[in-house]
Amino acid sequence: MDGRVNLSQVAMRFGDFTAIQPTSLEIASGEFFSFLGPSGCGKTTLLNMISGFLTPSEGLVAIGGVDMTRVPVNRRPTAMIFQNLALFPLMSVYRNIEFGLEVRGVDRKKRREKADELLDLVALGGSGDKPVAELSGGQKQRIAIARALAVEPRVLLLDEPLSALDLKLRQHMRTELKAIQRKTGITFIYITHDQGEALTMSDRVAVMCDGRIQQVADPMTLYRQPRTDFVAGFVGENNRFPGRVTAVDGGMVTLDAGLPAPLRGAAASPLEPGDEATLYVRPEQWRVGSASDSSLPFGGVIQAEHFEGAWLTLEIALEQGRTVRAHVPQALESDGVESSFKVGSACRLDYSPRGTLVLPGVERGQSDEEGADVAATA
Ligand SMILES: Nc1ncnc2c1ncn2[C@@H]1O[C@H](COP(=O)(O)OP(=O)(O)OP(=O)(O)O)[C@@H](O)[C@H]1O
Ligand SMILES: [Mg+2]
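Here the structure is a predicted model, which means the values were calculated and not measured.

## What to know about the domain arrangement of the chain
Next up, step 1: Annotation of the chain at the domain level lists domain 1 (5-229) and domain 2 (237-360).
Next up, step 2: Computed from C-alpha atoms alone, the centre-to-centre distance between domain 1 and domain 2 is 39 Å.
Next up, step 3: Between domain 1 and domain 2, the buried area comes to about 570 Å², and carbon and sulfur atoms account for 40% of it.
Next up, step 4: On the domain 1 side of the interface with domain 2, the three residues burying the most area are Tyr-223, Pro-226 and Asp-229, jointly 81% of the side's total.
Next up, step 5: Linking domain 1 with domain 2 are 1 salt bridge, by the criterion used here.

## Observations regarding the packing of helix 2 (residues 93-103) against helix 3 (residues 108-121)
Next up, step 1: For the pair helix 2 and helix 3, interaxial distance at closest approach is 9 Å and the crossing angle is 125 degrees. The angle between the axes of helix 2 and helix 3 places the two elements in the oblique class. Considering how the two elements wind past one another, helix 2 and helix 3 form a crossing that is right-handed. Across the interface between the two elements, Val-93, Tyr-94, Ile-97, Glu-98, Leu-101 and Glu-102 of helix 2 pack against Arg-111, Arg-112, Lys-114, Ala-115, Asp-116, Leu-118 and Leu-119 of helix 3.

## Topic: the sheet that holds strand 12 (residues 252-256)
Next up, step 1: With antiparallel pairing, 5 strands are arranged side by side in an open sheet as 13-12-11-14-20. Every interior strand has two partners, whereas the edge strands, strand 13 (263-266) and strand 20 (357-360), have only one. Across the sheet, the mean angle from the axis of one strand to that of its neighbour is 45 degrees, orientation sign disregarded.

What counts, and at which threshold
Residues numbered from 1 in each chain as written. Chains lettered and ligands numbered in written order. Predicted model: local features only at pLDDT ≥ 70, side-chain atom pairs only at ≥ 80, totals over all residues. Heavy atoms only, no water. Domains from an automatic or database assignment. Buried area = accessible area lost by both parts, 1.4 Å probe. Salt bridge = Lys/Arg side-chain N within 4 Å of Asp/Glu carboxyl O. Axes fitted to C-alpha atoms, helices over the stretch in contact; angles between N-to-C directions. Helix = DSSP H or I, 4+ residues; strand = E, 2+ residues; numbered from the N terminus. Parallel < 35°, antiparallel > 145°, perpendicular 65-115°, else oblique. Left-handed = near helix turned anticlockwise from the far one by under 90°. Contact = heavy atoms within 4.5 Å. Pairing = 2+ DSSP bridges.

Below you can see the structure in the form of structure tokens.
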């Protein structure tokens with residue numbers, strides 16, 4: 001069963017508007033592949049070209065090595081799960097799952113066998129006679145998966161299928177979806193604007209912005225080695241320091257970003273003194289200490305404090321007016337120790353340059369002069 005998907009220079013235009021720039025990509029058979037990006041970046045458009053709901057303006061779509069560009073939806077080896085699931089609420093679970101098989105003329109006994117097998121797979125064995133309307137959100141979700149799998153697709157396309165569920169159920173369904181994908185070995189192509197979903201389930205993720213893929217990588221690489229400013233800001237959170245390179249030694253770069261001390265970071269690509277570059281420091285990479293700790297090179301004042309459960313997020317205004325976000329462990333307070341991180345109080349901070357990243361260039365239109373260099377959080 002070859003569930004490879006190849007996109008060769010596919011592009012989609014709606015009138016004058018280009019929703020998808022020419023894009024080439026190979027998704028491996030049996031891969032859990034996600035497209036991650038903000039609303040309107042073109043995720044559904046791209047998926048619809050794979051499913052056949054849209055014919056690309058340019059380029060080719062192949063599945064299992066066979067050109068599908070002009071093949072209609074119902075003749076492709078794909079199935080799709082939509083955000084609203086599109087189940088038949090008044091029909092039984094069995095009828096919902098067996099519907100696609102009935103249309104294809106599969107006999108009654110075979111249909112029922114297949115439905116029972118799939119109900120076991122999605123952990124809903126024995127509920128075939130229930131009307132769908134009586135199921136919970138998570139159960140409906142699993143019926144939608146069973147129904148999509150009934151027609152034995154080689155590729156399952158999922159367009160934000162968990163967005164209607166509450167947080168706990170969403171997290172639970174991530175594990176379930178991943179397990180179902182492993183068991184069946186089907187290629188899953190998953191669309192989401194939720195980075196947590198993409199990072200926890202996927203073998204690889206394509207991060208999209210404005211109709212273009214910015215980076216394709218496994219989740220760890222995306223987080224540790226984002227290749228563009230957009231990815232650095234969209235996947236996880238980052239503090240940006242645009243500046244000019246003053247020295248380069250080995251893989252480490254020294255940057256003048258207008259702060260009292262020079263900044264150092266690990267270069268993602270070759271840089272020369274004089275080049276414009278941006279250092280990215282994640283909130284968890286800061287070490288925050290008391291105002292009297294002179295071993296820490298940067299001084300600041302705590303502007304705000306957000307309780308996040310396991311950690312505190314501090315917004316710290318550095319001496320030059322730039323604001324950074326830092327995570328500090330939450331354990332201190334529960335130990336009965338008075339926290340030194342109070343809004344309005346001074347602190348000092350540092351980070352370890354080794355784990356950080358310096359990318360070439362500075363993003364114009366970012367808020368350098370406003371002093372708020374915190375990258376957007378997804
Ligand atoms: N049929 C269409 N005609 C004209 N423009 C369209 C059409 N379909 C999509 N677009 C535009 O293409 C862009 C991408 O839309 P798309 O639905 O692919 O985004 P998305 O990434 O799936 O967003 P969301 O996360 O909100 O679902 C949007 O600007 C949208 O307005
Ligand atoms: Mg969409």
